[in-house]
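What the coordinates show
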Amino acid sequence: MNELILSKDLRGANGIIPLEINTTFNRGELTVLFGKSGAGKSTILKMIAGLLEPTDGKIVIEDEVWYDSSKKINLPPQKRKIGFVFQDYALFPNMTVRQNLLYALDDRKKASKVDEILHVTELANLANEKPDALSGGQKQRVALARALVREPKILLLDEPLSALDFAMRTKLQDELLKIQRYFNLTTILVSHDIGEVYKLAQFVLELADGKIIKKGTPNEIFGGSKISGKFKFSGEIVNIVQSDIVFVVSILVGQNVVKVVSTQEEVRNLKIGQKVTLASKAFNPIITPI
Amino acid sequence: MIEESFMQTMSLTFKLAGITTLFLLIIGIPLGYSLAMTKNRLKPVLEAIVSMPLVLPPSVLGFYMLVFFSPKNAFGQWLDETLDLRLVFSFEGLVVASIIFSLPFMVHPIQSGFAALPKNIAQAAYTLGKSKTNVIFRVLLPNIRPSLLTGIVISFAHTVGEFGVVLMMGGNIPGETRVASIAIYDEVESLNYSAANQYALTLFLISFAILLSVYAINKHFLKAELS
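Everything quoted here is computed from the prediction, not taken from an experiment. Counting restarts for each chain: residues are numbered from 1 in the order of the written sequence. Throughout, the order in which chains and ligands are written sets their labels, letters from A for the former and numbers from 1 for the latter. A pLDDT threshold of at least 70 governs which residues receive local features in this predicted model, and a stricter bar of 80 or more applies before side-chain atom pairs are shown or counted, although totals over entire chains, interfaces and linings include all residues. Hydrogens and waters are ignored; side-chain quantities use all the structure's heavy atoms.

**Brief notes about the overall build of chain B**
The way it works is that DSSP assigns letters per residue, a run of H or I at least four long becomes a helix, a run of E at least two long becomes a strand, and they are numbered from the N terminus. Scanning chain B from terminus to terminus reveals 11 helices and zero strands. Counting from the amino terminus, helix and strand elements in chain B follow one another as α-α-α-α-α-α-α-α-α-α-α. Considered along the principal axes of its C-alpha atoms, chain B spans approximately 65 × 45 × 30 Å. Within the span of chain B, comprising 227 residues, buried residues form 43% of the whole. When checking whether two residues touch, look at their non-hydrogen atoms; a contact exists if any pair is within 4.5 Å. Here the contacts in chain B between residues at least 6 apart in sequence split such that 73% fall between residues at least 24 apart. Here's how the labels work: a residue is buried when its accessible area is under 20% of the maximum for its type, exposed when over 50%, partly exposed in between, all with a 1.4 Å probe on protein chains only.

Here it is in structure tokens:
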């Protein structure tokens, strides 16, 4: 069992926000920390990694105590078996892809491990390139591969895909899922993208202002469980315009804008920028090849 | 005869610059690193001290060092009696004076090199189980090579070119403290213009060659990093 009890005052844009976290999460599962920027998501990852010290609390990963303020236990990052993937990748510019991975290796004799990971992450043909010669998606893959080399007990991903375009993001989400299942790795992913959370998460912790406001499966969190829809998507309202006596609401679902007709009554509860569930029941979908 | 004293002075000049640069590198890396990383409130004080030689007249620095290291004073006496080291009017004294005088020229490039590195690089290496020392030597230093090169060359060139501090601390003892810049002054005073010109032209050409190579190499480094 993994346990997180953390408290610390965070300096935010609107003054001091107290971070208060008390939760558990399962071994081998992919847990997503979801919430707006400034909610404290990355801070929690850094605390688990030992890069930032909480004021109070306890961090237990796979029954090993990494931090316990009451017993004055605080393992340095070097002693915590973690794989950390930074948002900006943090690859070492002076080393090739292969050297980046070899550097992460504790025991030089296990160089075959590096080859296996290069193979699984489809990086073998880029092994001798320097990071500056790689595209964003490739850098991301190297960062993930490097984090896997040490066989971490927990994989910490700080918005690893946010800097990539949509197509690359989708592709890497699939790969991430494959790798996470392949190694059966306990993983914490920070994300603010609902689509990504739906696709990847087995368990979601939703954060706002330093507190967990909801936890559960993606369906429980975003489900809108009152509607038993056949088609159900999450999206964001990008526009509301009046057209004669009805209103047309434009909703961004994934990369597509969908227009939905609404009545004045319905529109009263909606505003631009709001996250909504879009569901439909009675229609038969028509599938056309493109 | 002139030829021999010329060679002696030039080799002393470069020996002084070489030793000074080596010591400065050893001091400059940890000092530049801690200045770049510290959040201590006293950081501006330390920065001001390191930068003092940039604005202080060399004669001021030389004068205080002369007083401080004089065997007539407590510290100078202690050095003299316990370490058998006399720093005034000696080569060792010139090395100490040059290190202090050229300190900002080594520390500044190294400090800004460290400060410009993404913070996550070091943190990523810590999460990979690497110690601070390991991270400095394997990750941070290799990525600030242009800054190191700039620091080394500028400190070297600056030490070759210093005058005031050397004159105050070292005087003009051939083979011991008589470096090229002092020799030029000395030759001009005795109206020996051709000898002065020999020193001056040599320093002029060497300084130009050194700076040219820094800019050429750093351009090469930058290009290599971008491609």
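**Quick notes on the overall build of chain A**
The helix and strand inventory of chain A stands at eight helices and 15 strands. The dimensions of chain A, computed from C-alpha atoms along their principal axes, are 70 × 50 × 35 Å. Counting across all 290 residues of chain A, residues that qualify as buried make up 45%. Considering only contacts in chain A between residues 6 or more positions apart, those separated by 24 or more positions represent 63%.

**Things to note about unusual backbone geometry**
We note that Asp244 of chain A has phi near 55°; this positive angle belongs to a residue other than glycine. Locating Asp244 of chain A in the fold gives a position in the loop between strand E12 (231–243) and strand E13 (246–253). Residue Asp244 of chain A is classed as exposed on the basis of its relative accessible area, which comes to 70%. A positive phi angle is found at Phe89 of chain B, which is not glycine, with a value near 55°. As for its position among the elements, Phe89 of chain B is in the loop between helix H4 (74–83) and helix H5 (91–116).

**Overview of a nonpolar patch on the surface**
A surface patch of nonpolar side chains, amounting to about 390 Å² of accessible area, comprises Leu22, Phe23, Ile26 and Ile27 of chain B. Tracing the backbone shows Ile27 of chain B in helix H1 (residues 2–37). The patches reported here contain residues having more than 30% relative accessible area and no salt bridge. Joining distances are 9 Å for like charges and 5 Å for nonpolar side chains (Val, Leu, Ile, Met, Phe, Trp, Tyr). Note that accessible areas follow from Shrake-Rupley with a 1.4 Å probe, and for residues the cover is restricted to the protein chains shown. Here a salt bridge means any side-chain nitrogen of Lys or Arg lying within 4 Å of a carboxyl oxygen belonging to Asp or Glu.

**Regarding the domain arrangement of chain A**
Residue and element names in this part refer to chain A. Delimitation of the domains relies on an automatic or database domain assignment. According to the domain assignment, chain A consists of domain 1 (2–222) and domain 2 (231–280). In this structure, domain 1 and domain 2 have C-alpha centres spaced 34 Å apart. Across the contact, four residues belong to domain 1 and four residues belong to domain 2. Approximately 400 Å² of surface area, both sides summed, lies buried where domain 1 meets domain 2, with 65% of it carried by carbon and sulfur atoms. Here domain 1 is connected to domain 2 by zero salt bridges. Polar contacts here mean pairs of N or O atoms no more than 3.5 Å apart (in protein, one a potential hydrogen donor and the other a potential acceptor; neighbouring residues in sequence count only if both atoms are side-chain atoms). At the junction of domain 1 and domain 2, the tally comes to zero residue pairs in polar contact (both at pLDDT 80 or more). A 1.4 Å probe defines the accessible area here, and the buried area is the portion of it lost by two parts on being joined, summed over both.

**Thoughts on the interface of chain B and chain A**
Of the residues lining the interface, 20 residues belong to chain B; the matching set on chain A comes to 22 residues. With both chains or domains summed, chain B and chain A bury close to 1,800 Å², and 57% of this area falls on carbon and sulfur atoms. One can count zero salt bridges joining chain B with chain A. Our count for the contact surface shared by chain B and chain A stands at eight residue pairs in polar contact (both at pLDDT 80 or more). The set of elements that each furnish at least two residues to the side of chain B that touches chain A consists of helix H6 (119–127) and helix H7 (132–140) of chain B. Looking at the side of chain B that touches chain A element by element, the count peaks at seven residues for H6 of chain B. Residue polarity follows a fixed list, in which Ala, Val, Leu, Ile, Met, Phe, Trp, Tyr, Cys and Pro are nonpolar, Asp, Glu, Lys and Arg are charged, and the others, Gly among them, are polar. Across the side of chain B that touches chain A, the residue classes break down as eight nonpolar, eight polar and four charged.

**Considering the pattern of salt bridges**
All names here are of chain A. For the structure on display, the rule yields 15 salt bridges over all chains. Across the pair Arg27 and Glu62 runs a salt bridge whose closest N-O atoms are separated by 3.9 Å. Taken together, the residues span a long stretch of sequence, with Arg27 in the loop between strand E2 (15–25) and strand E3 (30–35) and Glu62 in the loop between strand E4 (56–61) and strand E5 (64–68) at a distance of 35 residues. Taking the relative accessible area as the measure of exposure, Arg27 reaches 46% and is therefore partly exposed. The class for Glu62 is partly exposed, based on a relative accessible area of 22%. The salt bridge involving Lys153 is made with Glu64; its shortest N-O contact spans 2.5 Å.

**What to know about the nonpolar core**
Buried Ala, Val, Leu, Ile, Met, Phe, Trp, Tyr and Cys residues that are joined via side-chain atoms within 4.5 Å together make up what is termed a nonpolar core. Phe114, Val139 and Leu140 of chain B are the most contacted members of the largest nonpolar core, which totals 90 residues. Per element, the largest residue contribution to this core is 11 residues, and it comes from H5 of chain B.

**Concerning the packing of H5 of chain B against helix H8 (residues 145–161) of chain B**
All names here are of chain B. The interhelical angle for the contact between H5 and H8, taken along N-to-C directions, is 160°, at an axis separation of 8 Å. By the angle between their directions, the pair H5 and H8 is classed as roughly antiparallel. Relative to H8, the crossing made by H5 is right-handed. For the pair formed by H5 and H8, the contact residues are Ser98, Phe101, Ser102, Phe105, Met106, Pro109, Ile110 and Gly113 on the first element and Ser147, Leu148, Thr150, Gly151, Ile152, Ile154, Ser155, His158 and Thr159 on the second. Residue composition of the contact of H5 with H8, by class: eight nonpolar, nine polar and no charged. All axes here are fitted lines through C-alpha atoms, helices being fitted over the stretch that makes contact, and every angle between N-to-C directions spans 0 to 180 degrees. An angle counts as roughly parallel when it lies under 35 degrees, as roughly antiparallel when it exceeds 145, as roughly perpendicular when it falls between 65 and 115, and as oblique in every other case. Left-handed describes a crossing in which the near helix is turned anticlockwise from the far one by less than a right angle; the clockwise case is right-handed.

**Describing the sheet that holds strand E14 (residues 256–262) of chain A**
All names here are of chain A. A pair of strands is treated as paired once DSSP finds two or more bridges between them. With respect to topology, four strands assemble into an open sheet ordered E14-E13-E12-E15, the strand pairing being antiparallel. Two strands bound the open sheet, and with one partner strand each, they are E14 and strand E15 (275–280). Averaged over neighbouring strand pairs, the angle between their axes works out to 45° when direction is ignored. Summarising the sheet, E13 and E14 pair through seven bridges and their orientation is antiparallel. Within E14, the residue paired with Val249 across the bridge is Val260.

**Focus on helix H10 (residues 180–189) of chain B**
Within the span of H10 of chain B, buried status applies to Ala180, Ser181, Ile182, Ala183 and Glu187 of chain B. Leu191 of chain B occupies a position one or two residues after H10 of chain B and carries a positive phi of about 55°.

**So, the environment of Met47 of chain A**
Residue and element names in this part refer to chain A. Here Met47 lies in helix H1 (residues 41–49). The spacing of Met47 and Ile290 is 243 residues in sequence and 47 Å in space, taken between C-alpha atoms. Among residues more than four places away in sequence, those in contact with Met47 are Leu6, Lys8, Leu19, Leu52, Pro54, Ile59 and Arg80.

**Describing helix H2 (residues 43–55) of chain B**
Because each turn of an α-helix spans 3.6 residues, side chains separated by three or four positions end up pointing in the same direction. Residues and elements named next belong to chain B. Helix span is expected to be 1.5 Å times the residue number reduced by one. The end-to-end C-alpha distance of H2 is 19 Å, a good match for the 18 Å that 13 residues give at a rise of 1.5 Å each. Of all the bends found along H2, the most pronounced is centred on Ile49 and spans about 35°, while Pro53, a proline, follows it within four residues. Turning to H2, its buried residues number three or more, namely Val50, Ser51 and Pro53. Think of it this way: the bend at a residue is just the angle between two axes, each fitted to seven residues, one set ending at that residue and the other starting at it.

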